[in-house]
Amino acid sequence: MRQTAYIVECSREQLPELLGSGDGTKFAKADWAHMAARNAPPRTVMLGFWDAPLGDPFPDFMVVRRDDVADTLAWLSAFMDSFSPITQWCRIWPREVFGRLTNVREQPTLGRMLAPWVGAILAECNAQNTSNTPLKELSGTAALSSCGYSAARTLAVWGESMDLTELARRHDDLGTRLRDVARPVAAEALTPLWYALAGDQWTAREPSSAATLAPYRHIFGELSKAGQIDADQIVDISQDFAGHLGLQDLAACATGPQGRRVEALDRVADRLVSDLRNRSADAALGLAASFIDPGAAILPELLKRYSKAFPTAAIWAGAFAGCWSPIRVLSDFEGLGRIISKELVAPSDLFSKPRADVGYEELIRWASEPGARIPVRGLVSRSIQVEVLPGIAAPFALPRDNNRAQSGYINAVKQRSLDLAVHERPAKQATPEPQSEWLQAIQTLRDRMDEIERSLRTREKPTRKTASRSTTNRGQSKT
């Protein structure tokens, strides 16, 4: 883990000159964690490069107080709009979160839980697939848009240092703002499964069904320590759960011809439908379904009839499939699982410039309502990579009528600038420092626009009474 970065601290009003000059000599090598832990006055900004600034005028990160994040984004959008979106090239960190970088894994890993997470992601892709595209034809980018991928990636990179319930909230929020229709399964509905898969790494508030999820959390933990699971062990597990849950037909799902196993699954589902007190019924049905064909992450027709009553059961089944046969889960659907697994454990960009097109906090300033124009230029047309949490990026499709024209961009910048109070405008210094020519031109233009606005506000429109008197006078003069 790197201990130092090239850092300079300044007030917010000094940002335009500091960024506009591109002067890297003002950045000094320092212990970034120590500096982040210090108390800082409001509106103080810590700018930094992870490596020595060699010609790049744009820093890798900014660190501000937590209460200043939204305000800083508004200020930068209003007064440094040519740099927008800021989070495309520079992360803006709250000081408390920036300090957690000491917990980031240099090499992301999920250990033996990799295959269960991949199985859950594959099953989620199938459940969310409203276009009925065969999974073997699904692009890797589409698979990475699943909220399960973001959750698994968060654990791989951050371990227990991030809140997965906040991740779910952001995914659902972006889905509402950017997508034309809601996904069949909300990210929030998947948090019980994430809770079970995360095990001891779960540090957020426990879901309401935590007590009934304990057996499933235990089995994931035990299976992650075991090696290859054979057929006899799967039968033993089915019998143990059948006795523990009081579902004797669950054991029958793991033995005999597949026709009888499917009949046993139907009986399990009927029993769960009648038991309204079972708060982890989706997990139980998913476990039973995973015994029908161990290692199959997708069961297209098997759970289709139960999708309304148990919307996440198929995704639970995918997670258990990763336990029974990791190799099969990673190899099916022409290697889609391998693509997902490779991305899950790829090195993060937290100690370099962000690779995403925009950060969540900045994006929601534009996407105030569904269908709003998103003035972000990404690497791929019709979609953008959004950094949902630091270092956790996911692709989102843009609305069909999204207009990326410059006029839309200017309107968005103007709207963001309205969020700032008048007193937030940078105060003119008594003895201004020398500025570059283009900054002086921008300042002159802004001053001229302010002068025009003041002139328009003070100009009085003629009242109806005044207009009538003027008309009368004109009539008299003609007479």
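Refer to the preceding data block for the structure.
Quick look at the structure, then. Note that this is a predicted model, so its numbers are computed, not measured.

Calculation notes
- Residues numbered from 1 in each chain as written.
- Predicted model: local features only at pLDDT ≥ 70, side-chain atom pairs only at ≥ 80, totals over all residues.
- Heavy atoms only, no water.
- Helix = DSSP H or I, 4+ residues; strand = E, 2+ residues; numbered from the N terminus.
- Buried < 20%, exposed > 50% of the residue type's maximum accessible area, 1.4 Å probe, protein only.
- Contact = heavy atoms within 4.5 Å.
- Areas by Shrake-Rupley, 256 points an atom, 1.4 Å probe, with all protein chains shown as cover.
- Salt bridge = Lys/Arg side-chain N within 4 Å of Asp/Glu carboxyl O.
- Axes fitted to C-alpha atoms, helices over the stretch in contact; angles between N-to-C directions.
- Parallel < 35°, antiparallel > 145°, perpendicular 65-115°, else oblique.
- Nonpolar A, V, L, I, M, F, W, Y, C, P; charged D, E, K, R; others polar.
- Patch = residues over 30% accessible without salt bridge, like charges linked within 9 Å, V, L, I, M, F, W, Y side chains within 5 Å.
- Lys, Arg positive; Asp, Glu negative; His and termini not counted.
- Charge placed at Lys NZ, Arg CZ, Asp CG, Glu CD.
- Phe/Tyr/Trp six-rings, centres within 6.5 Å; stacked < 30°, edge-to-face > 60°.

## Points about the overall build of the protein chain
For the protein chain, the count of helices and strands is 20 helices and eight strands. Burial analysis of the protein chain (479 residues in total) assigns 49% to the buried set. Within the protein chain, contacts between residues at least 6 apart in sequence are counted, and of these 74% link residues at least 24 apart. Of the roughly 24200 Å² of accessible surface on the protein chain, 50% is carried by carbon and sulfur atoms.

## Considering the environment of Leu-398
Take Leu-398: it is sitting in the loop between strand S8 (392-397) and helix H18 (406-417). Classification of Leu-398 as buried rests on a relative accessible area of 6%. Residues Leu-398 and Arg-382, spaced 16 residues apart in sequence, show a C-alpha to C-alpha distance of 5.3 Å.

## Re the pattern of salt bridges
For the structure on display, the rule yields 17 salt bridges. For the salt bridge of Glu-361 with Arg-170, the shortest nitrogen-to-oxygen distance reads 3.2 Å. With Glu-361 in helix H17 (residues 360-366) and Arg-170 in helix H8 (residues 164-178), the pair connects residues that are 191 residues apart, well separated along the chain. Put simply, Arg-177 and Asp-173 hold a salt bridge, and the shortest N to O gap is 2.8 Å. Of this pair, Arg-177 and Asp-173 both sit in helix H8, four residues apart, which is roughly one turn of the helix. Since its relative accessible area comes to 17%, Asp-173 is described here as buried. If you follow the salt bridges from partner to partner, you end up with Glu-166, Arg-169, Arg-170 and Glu-361 in one network.

## Considering the packing of helix H5 (residues 114-128) against helix H16 (residues 326-344)
Between H5 and H16, whose axes approach to 9 Å, the crossing angle comes to 100°. Looking at the two axes, H5 sits roughly perpendicular to H16. Judged by residue contacts, Leu-114, Ala-115, Val-118, Gly-119, Ile-121 and Leu-122 of H5 engage Pro-326, Val-329, Leu-330, Phe-333, Leu-336, Gly-337, Ile-340, Ser-341 and Leu-344 from H16. Among the residues forming the contact of H5 with H16, the class breakdown is 12 nonpolar, three polar and no charged.

## Description of a negative patch on the surface
A contiguous patch of negative charge, built from Asp-230, Asp-232, Asp-236 and Asp-240, is present on the exposed surface. Here Asp-232 shows up in helix H11 (residues 231-245).

## A word on the packing of aromatic side chains
All chains considered together, the criterion is met by 22 aromatic pairs. With a centroid separation of 5.7 Å and an interplanar angle of 85°, the aromatic rings of Trp-32 and Trp-50 are classed as edge-to-face. With Trp-32 in helix H2 (residues 32-37) and Trp-50 in the loop between strand S3 (44-49) and strand S4 (61-64), this residue pair connects regions lying 18 residues apart in the sequence. A centroid spacing of 5.7 Å and a plane angle of 25° characterise the contact between Phe-291 and Trp-324, whose relative ring orientation is stacked. With Phe-291 in the loop between helix H14 (281-290) and helix H15 (313-324) and Trp-324 in helix H15, the pair connects residues that are 33 residues apart, well separated along the chain. For the pair shown, Phe-291 and Trp-324 are each scored as buried. A connected cluster of aromatic rings, assembled from ring pairs, spans Trp-32, Trp-50, Phe-61, Trp-93, Phe-98, Trp-158 and Phe-351.

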